Amino acid sequence: MANRQFITFYLGDDLFGLDILLVREINRNMDITKVDRAPDCVRGLMNLRGQIVTVLDLGVRLNIGARPIGRESSCVVLKTKAELGRSSHAGLDAHSAEDLTGLLVDRIGDVVSVEEDHIEPPPAHAGGIKGLFIEGVVKLQQQLLIALDVREVLRTQGESTP
Amino acid sequence: MPQMESELLLSFVQESREHLDQLEPDLLSLESNKSDAELVNRIFRAVHSIKGASGFFGLRKILQLSHTMENLMSRVRENLLVPDKIMVDALLAGADKLRALIDDVHRSNEMNIEAESNRLQALLTGKAGVSATSSAKGLSIDPSLIEHARKKGHFFYKVHLFTHKDIKDKGKTPLDYFKKIESLGQFLDSYTDITEIDGMADALAKDLMCVFLISTVLEKDLMVIALDIPEEQIAQLTPEQIANVGPLVPPAEKPRAAVLPVAAPEQPTTPEFAGAEPEPAAALQKSTGRSRANDTIRVSVALLDDLMNIAGEMVLGRNQLLRTSESIARNVPGMHGLLQNISLVTSDLQEKVMRTRLQPVGAILGKFTRIIRDMSHQLGKKIDLKLLGEEVEFDKSVLEMLSDPLTHLIRNCADHGIEPPAEREKAGKPLTGTIRLTARHVGGQVQIEVTDDGRGLNPAQLKSKAVEKGLAKAQDTAQMTDRQAFNLIFLPGFSTAEKITDVSGRGVGMDVVRTNIEKLGGSIELDSQLGRGTRICLRLPLTLAIIPTMIVGLGERRFAMPQVNIEEIVRLGGKNRIEAVRGASVLRLRGKLLPLVALDELLGSQETGADHGRGFALVLKVGENRFGLIVQTLLDSEEIVVKPLSSYIKNCRCYSGATIMGDGKVAMILDAVGIAGLADLQFAELEKESAALALKGQADLSETQSLLVFRNAGDETFAINLVMVARIEKVRTRDIERIGQKEMLKYRDSSLRLIRLHDYMPVSRPDADPEFLYVIVPRLVKHPMGIVVTQVVDAIQSTISLDETNLMGVGILGSAVVAGKLTIFVDIYSLFEAADPENYREEKAAQPNLAGKRILLAEDTAFFRAIMTQYLKEFNCVFDVAADGLEAWEALQRHRYDLLLTDIEMPGLNGFELTQKIRASETLRHLPVVALTALAADRYVQQGREAGVDSYEIKLDKERLKATLERILGGVRGLPPPASTANANHLVNLEEVRGG
Amino acid sequence: MKYEFAGTDLLIVPDNPLAAATINPLHKELTRLFADAGRFQNVVVDLSGVSILDSLGVNLLVGLYKECRKLNKPFRVTGCSPSIRRLFDLYKLTEYFGIE
């Protein structure tokens, strides 16, 4: 029986999760430099041991409102396409970006282990966000875990126009 | 697919690509170097390598196509076929298809290679001679032997032998050895690669490789012992693999085929040098050979990029370390030496890492040969491409960005520049057009030139095209120089072709080319001669990775502006004021109007509201244009490591990257080109405005004066301000009457006294009077006398800075260099005083009531300042001089003055504004103000009246000025009747008088 | 070795053995001969007197062949013993050496 592990985090009261294989690290450093004229979902840039991470405001991206930075705010730093490409998991790199990207969340939850077939298909809405961003939902003991479709979350707004 | 196999496949793809990269120029060269054995061999080996490995991976189509090509090359090698254009074309088509197959290797087996195969086969068939099996220098096997062995459960092996290493050095002879092998099993096939041997010279030294296939009952380890060769040289194969022809690369063994190195700086890839070259191209193309393969190693580009980053960070860290440890180092013995050491090693490391990224530009130049060849055929023109400087090395990133723009330029040359042969003949040019591509390092930059000897650019045509397309206005283009007309090409939407050939596209190119080059911090210039050709010059910085920048602050944040764009930095405030012209903020800089952009406004930052007038303006150059970026705080200049922008931010035109500062914070790198675009600066409009201002003449800020230049004797040149000249008369020398010592001339119903310069001034006397002389009749003097001169040179506008100390004497105001000649400026007043002391002494006697009066003079033009100063000295005033309105205002705060003598047109605060301020001030509003102007005009007078000016004077009219000053300071205020309106075009019909 | 010019032919007759022991002087002499390329057009190597041929001998023959190709002169080998012929077959040199 296939098992998947999820990194979970809260946006408001809702619990979301991403496949742990996609995550590079969780960072509590909130020294984010704002970038004017950047799209709203870009919270800013952060220095991660000499590399620049583009921090996306997950709330803006999911259309549930920008996240205020609080004591428990964290940045979930994702692996890059190159890093995933080197691993042995086929097809995972579709769920990543070329550059180092991080997601701004309110509070980090536990690592949750879920059996593959307990993941139900996405409803039209959950937790106030569109089904587009949801890969599936899992009924945990205490609440609903919304597994995010990272590919959708990371999708940039189409081809660049000057 | 198992992991290892996919790695091998990747390796195969990469290697094959390298082979194909070399293959194309080699094939192109083959046409002209048919008998070059080494060339033929190299082509053969390339195809052969691809064929061999493809068999292992089951890439059938690749195998088939390369096999056919190999066959063809093999015939060529044996002189059974001679390569001609048809064959080379077929091989090129084959190579192109191979590339397509390699690029999509997983689907290559489904792709169609019929066309290319048939073409090649057609060349193979119909040729007499050797049967297919023996002509192939690879292996080919009798299938029945395989079948037989398979049934018997025999093992199949592919064995590599080296004739020296494995046979000779072990004291064996080949005959014996092979006899031995035949005793072990069944030879299926074999061959020996003799391509390594070039000729007699190296024959004995070379270790030849022999490959054979054998079926045997012996298991592998027994075969190893029996053959007495290393295990890696024996590979066991399945019957299917044996059936696929080709040498196999055993998994554990390093491929022995020549590995083309990552960077091959010494190998010229150009096949086509013009016939004029003394050395045949072939001689220069030494094969890369086995020896070089061992000197290089393949490295992933990602790894090099990382190394580059790290080295960059290390440099910055080292810089910081040196800075912070300055003070400590003194107190710690030996530390200084340690720091030195680290510093040197770091610099060395960085330099070497940078070099790994350097690639010869030949890497991208090579493909142009092919492009030109194809285009020549397509367009029916004869074009020769000469490449020079392919070994010039560029940073990889720069090279990548150059490829597209260069391609576009080359295509343009071929398409629009070079004429069809008939046209060329008519023009007396050689039938073959030449395009020359040169790369070189010049002064810390890289320079690439594309030159053609084609029809050149027609400025008139460019202008009309631009107007036609609505990209420029007719009246603007009418005024353009040829150079400016050439730059019209860079306007978006331009294309000079009559019809759009699909070869070079729809005119979308040149503006994009320029933008891309400028984004790299480079520049592009065009020059052309109609009928002779065109030259395009690209300049680029050597590397993009670490750049010097200027750090500016905005609130808490910092931004970096690359130094390459910064021309100068101007502190705003005082003289440098922000003004509004046609609704845009501008700064006047040396007579030109500089459009301004405020950084905080541009970014839409919350920190707006700061006083822009007190910050700094970075004068940025973007292509031909300049603009100023207003920033509040100016911090250090620093070298930074450029980190690329993520895809989310790439669309922000104002940034070209990001960097991590010394304190770990992220700073954005500003993009001058992007900012100019975003701010939508109207350069053209302001250019016109600047020009208009310059032409206004009397309102001019620069020191342009209208001068009359003349000569008295020989070469000595004189000048007086045209304002002082009423008329110039041409007179017959014999009409001049002498009365006593004086000379007189009948002039308008009265007599005009004439004076000669040399009588009163320390200047040369002319030898003899010519038949005609000229008399300058001055204005602005009480008792005018005519000044006799022999030659009136010209009336010119010139900027002058008057030197009052060099030449001195009666009648000499000073000297200056005008139009390249040292010119004496005549002081009419002192001259006349010397000539007619009685009349002028009167004036002197009436000592002005000015002694002890304190006057403030505000005049920004040095020339007039000098003159006015002299006048004031003569008036015996106590006076101060201010260089502009603001200075004058400040001076007025500090001291008490009796009168202000002010120029009108001054930067910052002009004369009227100053007067208004004065009138508005409690303490100053009764101050008499006399306004000065070079020429009086009614509108000024009106304006002045409204501002509160007491009197209007002409700058050079000493007497009137004195009178006015006396009048005012003597106690009577009020405006006198307006000065006689002088007219700039009053008299000078110099066509009549210009002489000599 | 012996050699002679017959018309436009250069006929080379190496001694036995064509092998390491004697190869160097042979190589030197042949190099000297080939320096004067204008003297001959065709090159023929007669191996009738050779029964022992080792790797260096093969190399030398290949060298001669290549040199002739560079000079654009026909090259061939004659008088091979059966075993030497067999070797050339295995090496796939028979075509190059113009052996039927």
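Residues numbered from 1 in each chain as written. Chains lettered and ligands numbered in written order. Predicted model: local features only at pLDDT ≥ 70, side-chain atom pairs only at ≥ 80, totals over all residues.

Attention now goes to the overall build of chain A. Helices and strands together make up the secondary structure of chain A, namely three helices and 12 strands. Counting all 162 residues of chain A, 36% fall into the buried class. Taking as baseline every contact in chain A between residues at least 6 positions apart, the subset at least 24 positions apart corresponds to 55%. (Helix = DSSP H or I, 4+ residues; strand = E, 2+ residues; numbered from the N terminus. Buried ≥ 20, exposed ≤ 12 C-beta atoms within 10 Å, placed from the backbone. Contact = placed C-beta atoms within 7 Å.)

The subject of this paragraph is the overall build of chain C. On a plain count of helices and strands, chain C comes out with three helices and four strands. Taken across its 100 residues, chain C has 39% of its residues classed as buried.

A few words now on helix H2 (residues 55-71) of chain C. All names here are of chain C. In this model, H2 (17 residues) spans 24 Å end to end at C-alpha, consistent with the 24 Å of a helix rising 1.5 Å per residue. Burial analysis of H2 places 14 of its 17 residues in the buried class, the great majority of the element. A positive backbone phi angle near 65° is found at Asn72, which sits one or two residues after H2. (Expected span 1.5 Å × (residues − 1).)

Contacts between chain B and chain A engage 23 residues on the former and 22 residues on the latter. Within the residue set of the side of chain B that touches chain A, elements represented by two or more residues are helix H15 (301-331), strand E21 (655-660) and strand E22 (666-670) of chain B. For the side of chain B that touches chain A, the per-class residue count stands at 10 nonpolar, seven polar and six charged. (Nonpolar A, V, L, I, M, F, W, Y, C, P; charged D, E, K, R; others polar.)

Moving on: the interface of chain B and chain C. Contact residues are listed per partner, giving 27 residues for chain B and 26 residues for chain C. At the level of secondary structure, the elements contributing two or more residues to the side of chain B that touches chain C comprise helix H8 (163-167), helix H9 (174-184), strand E2 (185-193) and helix H10 (200-203) of chain B. Of the residues contributing to the side of chain B that touches chain C, the split by class is 14 nonpolar, eight polar and five charged.

Proteins that are soluble and globular tend to have nonpolar side chains buried together. Counting 87 residues, the largest nonpolar core has Leu45(A), Val76(A), Leu148(A), Leu596(B), Leu629(B) and Leu670(B) as the members making the most contacts within it. If sequence neighbours within four positions are ignored, Leu148(A) has contacts with Phe16(A), Gly17(A), Leu18(A), Phe133(A), Ile134(A), Glu135(A) and Val153(A). By size, the runner-up hydrophobic cluster in this structure holds 82 residues, among which are Ile855(B), Tyr871(B), Phe879(B) and Ala947(B). (Core = buried A, V, L, I, M, F, W, Y, C linked by C-beta atoms within 7 Å.)

So, on to the sheet that holds strand E3 (residues 42-46) of chain C. Residue and element names in this part refer to chain C. Pairing is mixed in the open sheet, where four strands are placed in the order E1-E2-E3-E4. Each edge of the open sheet is held by one strand with a lone partner, namely strand E1 (2-6) and strand E4 (75-78). Taken over all neighbouring pairs, the strand axes of this sheet differ in orientation by 20° on average, direction set aside. (Pairing = 2+ DSSP bridges. Axes fitted to C-alpha atoms, helices over the stretch in contact; angles between N-to-C directions.)

With that settled, consider the environment of Asn118(B). Residue and element names in this part refer to chain B. Counting through the fold element by element, Asn118 comes out in helix H5 (residues 114-124). Looking at Asn118, the number of C-beta atoms within 10 Å reads 12, which means it is exposed. Residues Asn118 and Thr68 lie 50 residues apart in sequence; the distance between their C-alpha atoms is 9.5 Å.

Note on sheets: strands pair through backbone hydrogen bonds, and any given pair is parallel or antiparallel. All names here are of chain A. Here we have five strands laid out as an open sheet, ordered E3-E6-E7-E5-E4, and mixed in their pairing. Both outer strands of the open sheet, strand E3 (23-27) and strand E4 (42-48), are each paired with one neighbouring strand and no more. Within the sheet, the average angular offset between the axes of one strand and its neighbour, ignoring direction, is 30°. Sheet analysis places E4 next to strand E5 (residues 51-57), joined by six bridges and oriented antiparallel.

No statement about biological role is implied by the geometric values presented.
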